[in-house]
Amino acid sequence: MASIEDLYSSIANAASSAGGDAHGVLAVHAGQLAAMVPGIGPEMTNAGLQEFFLAHPDMETVAVVENEIPVGLVNRNVFMEQYSKPFSRELFGKKSCLGFADGAPLIAAEETPVEVLVRHAVEPDARVMKDGFICTRAGKYFGLGTGMALLKAMSDIEAEKTRQLLSSIDYASAIQQSNLRSSGLELQTALPAAKLTWLPRDVVGGDCYFFRTTRNGIFGAIIDCTGHGVPGAFMTLIALSYLENQVAHGDDEPDPGVILSGLNGYIKKVLGQRSDDKKPGSAAANKSDDGMDAFMFALTESGHALHYAGARLEMALVQPQAEEVSLFEGDRMGVGYSDTPDDYRFASHRVRLPAGYRALVTTDGVIDQIGGPKNIAHGRRRLYQMLSEERALAPAEFTSLLLTRFAEWQGQQRRRDDVCFLAFAAGEAA
């Protein structure tokens, strides 16, 4: 694990590469905050100290230094208040200035990270924000740093951390969208009567999709990974990497169940999540337990032959004349989780799709969203009822209406999760 010094060096280097802060250089160590101001010796009397402060009106504190080693710190206001009391001059005027000094000030080597200084500054009875701190170089007095300088430095560092984090997330978003872009183009080519929606809750998301045109149709996958944001995005890259290596443009249609089973084993291997990991008392019982839900399919014969497999996701379908929504469900087992057997085989299914159908595959982003007049989850039933009632709409029109109603349902509620769904039909324009 990197030390605080390594972390602060990397922050400073990154800030320097990006042009630094408004003043040029980001201060991350004590030496960068210290001003090289004169100290006084312990032999100086309090009367002499009074004259010193009068001669240096800008100094709020002064270090007491003996043989180049700091031994105390005097606060101007504290000293003047005490020394101005009746008889103080007579009693203390000829005595050593150490009598009014803090004998245990914060003393920091010039390479001390700002974060370490802040930890000391917030300790009970600490006087760092008022008195500042003494900085040393090779153990000898170097200068003084103020509490305000320390506060500003920490604020600048936090701002730089945030800038670097947001920059990294923006870059991660570009990588994620680059991975998804080719799938969108493949979908448009092979299945024009389709409309795909991908709305990450944050800049990056844990939902993803994958499409490849095959010899006789298209292979597709809608995937909902553990979490959202950056952790979810990492999981999507694992899934997409596997699919890229397993399904190539123009190949014969792969078996969705075989692909899903292979992905399960791949995730468990990459993340070290074997079935025995979660047994009580095992050494790996507290390791990660991440995975995903997915629906994978191969669509052929102009969209009328469906070969599919599912892991806790399903496809809903409506026919022109049928009242009920048909559900094509897969296995009730997640992909890659510790409690999923290492050699689990997801079942594949083949069905014929009727003319004029409308189909929908979705992750749980819409379903689980809290909203509406009673602040409850949207639910599958409400979603599939809309699919049934609006079956005459083309996929693009249905998608537009669904997004409008979803926004109305969400209202002022915060989005709970990523949203990803695919609406499609065969043999029609989108």
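Keep in mind the model is a prediction, meaning the values are calculated, not measured.

Peer 1: Got a minute to help me understand the sheet that holds strand β4 (residues 133-137) in this structure?
Peer 2: By way of backbone hydrogen bonds, the strands of a sheet pair with one another, either parallel or antiparallel. Spatially, the 3 strands line up as an open sheet ordered β3-β4-β5, and their pairing is mixed. Each edge of the open sheet carries a strand with a single partner, namely β3 (107-109) and β5 (140-145). Pairs of neighbouring strands in the sheet enclose a mean axial angle of 35°, with direction left out of account. Pairing of β4 with β5, which is carried by 5 bridges, proceeds in the antiparallel orientation. In the sheet register, R137 faces β5, and the bridge partner there is K140.

Peer 1: Please clarify how the packing of aromatic side chains should be interpreted in this entry.
Peer 2: The geometry of an aromatic ring pair is captured by the separation of the ring centres together with the interplanar angle, meaning the angle of the planes. Applying the stated rule across the entire model yields 15 aromatic pairs. Each ring, one from Y357 and one from F424, has its centre 6.1 Å from the other, and the planes form 85°; the classification is edge-to-face. Note that Y357 is positioned in the loop between β13 (349-352) and β14 (358-362) and F424 in strand β17 (residues 419-424), a separation of 67 residues in sequence. Taken as a pair, Y357 and F424 share a single burial class, namely buried. Aromatic ring contacts, followed pair by pair, group F52, F53, F79, Y83, F92 and F100 into a single cluster.

Peer 1: Just to check I follow, could you spell out the packing of helix α6 (residues 114-121) against helix α8 (residues 147-190) for this structure?
Peer 2: When two helices pack together, their arrangement is given by the angle between the helix axes and by the axis-to-axis distance. At a closest axis distance of 10 Å, the pairing of α6 and α8 adopts a crossing angle of 125°. It follows from the interaxial angle that α6 and α8 lie oblique. In terms of crossing hand, the pair formed by α6 and α8 is left-handed. Here V114, E115, L117, V118 and A121 of α6 lie close against α8, whose contacting residues are L150, A153, M154, I157 and K161.

Peer 1: Teacher, can you tell me more about the sheet that holds strand β8 (residues 217-225) here?
Peer 2: Read from one edge to the other, the open sheet built from 5 strands follows the order β7-β8-β9-β10-β13, with strand pairing classed as antiparallel. Taken across any chain shown, the strands that pair with only one partner, and hence form the sheet edges, are β7 (207-213) and β13. The average undirected angle you get between the axes of adjacent strands in this sheet is 15°. Against the sheet, α8 engages β7 and β8, with an angle of about 50° to β7. Lying over the sheet, helix α10 (residues 256-271) contacts β8, β9 (292-300) and β10 (305-311), oriented at roughly 150° with respect to β9.

Peer 1: What am I meant to see in the layout of surface pockets here?
Peer 2: Where empty space is left in the structure can be found by rolling a water-sized probe over the atoms. Taken as a whole, the largest pocket spans an internal volume of roughly 240 Å³. Surrounding the largest pocket, 16 residues form its lining, E60, T61, L144, G145 and T146 being those nearest its centre. Contributing elements (two or more residues each) for the lining of the largest pocket: α7 (128-131), β5 and α8. Ranked by the residues each element gives to the lining of the largest pocket, the list is headed by α7, at 3 residues.

Peer 1: When you look at the pattern of salt bridges in this model, what are you seeing that I'm missing?
Peer 2: Oppositely charged side chains are able to pair whenever their charged atoms sit close together. Evaluated as defined, the whole model comprises 16 salt bridges. Put simply, E68 and K140 hold a salt bridge, and the shortest N to O gap is 3.7 Å. One end of the pair, E68, is in the loop between β1 (61-66) and β2 (69-75); the other, K140, is in strand β5, and 72 residues separate them in sequence. The exposure class assigned to E68 is partly exposed, which follows from its relative accessible area of 47%. Note that R380 and E314 form a salt bridge whose closest N and O atoms lie 3.4 Å from each other. In this pair, R380 sits in helix α11 (residues 380-389) while E314 sits in strand β11 (residues 314-318), placing the two residues 66 residues apart along the sequence. A relative accessible area of 36% places R380 in the partly exposed class.

Peer 1: Whenever I open this one, the pairing of β14 confuses me. Can you help?
Peer 2: Each regular strand displays side chains that alternate between the two surfaces of the sheet. Burial of β14 is extensive: 5 of the 5 residues sit out of reach of the surface. Side chains of β14 alternate between two faces, with R358, L360 and T362 and A359 and V361 buried alike. Here β11 runs beside β14; their pairing, made up of 4 bridges, is antiparallel. Residue pairing for β14: L317 is matched across the bridge by A359. The sheet contact formed by β14 and β17 spans 4 bridges and is antiparallel. For T362, the partnering residue across the bridge sits in β17 and is F421.

The rules behind each value
- Residues numbered from 1 in each chain as written.
- Predicted model: local features only at pLDDT ≥ 70, side-chain atom pairs only at ≥ 80, totals over all residues.
- Heavy atoms only, no water.
- Pairing = 2+ DSSP bridges.
- Helix = DSSP H or I, 4+ residues; strand = E, 2+ residues; numbered from the N terminus.
- Axes fitted to C-alpha atoms, helices over the stretch in contact; angles between N-to-C directions.
- Phe/Tyr/Trp six-rings, centres within 6.5 Å; stacked < 30°, edge-to-face > 60°.
- Buried < 20%, exposed > 50% of the residue type's maximum accessible area, 1.4 Å probe, protein only.
- Parallel < 35°, antiparallel > 145°, perpendicular 65-115°, else oblique.
- Left-handed = near helix turned anticlockwise from the far one by under 90°.
- Contact = heavy atoms within 4.5 Å.
- 1 Å grid on protein atoms, 1.4 Å probe; cavity = no way out; pocket = protein on both sides within 12 Å on 5 of 7 lines; lining within 4 Å.
- Points joined across faces, edges and corners; volume = space filled by probe spheres on them.
- Salt bridge = Lys/Arg side-chain N within 4 Å of Asp/Glu carboxyl O.

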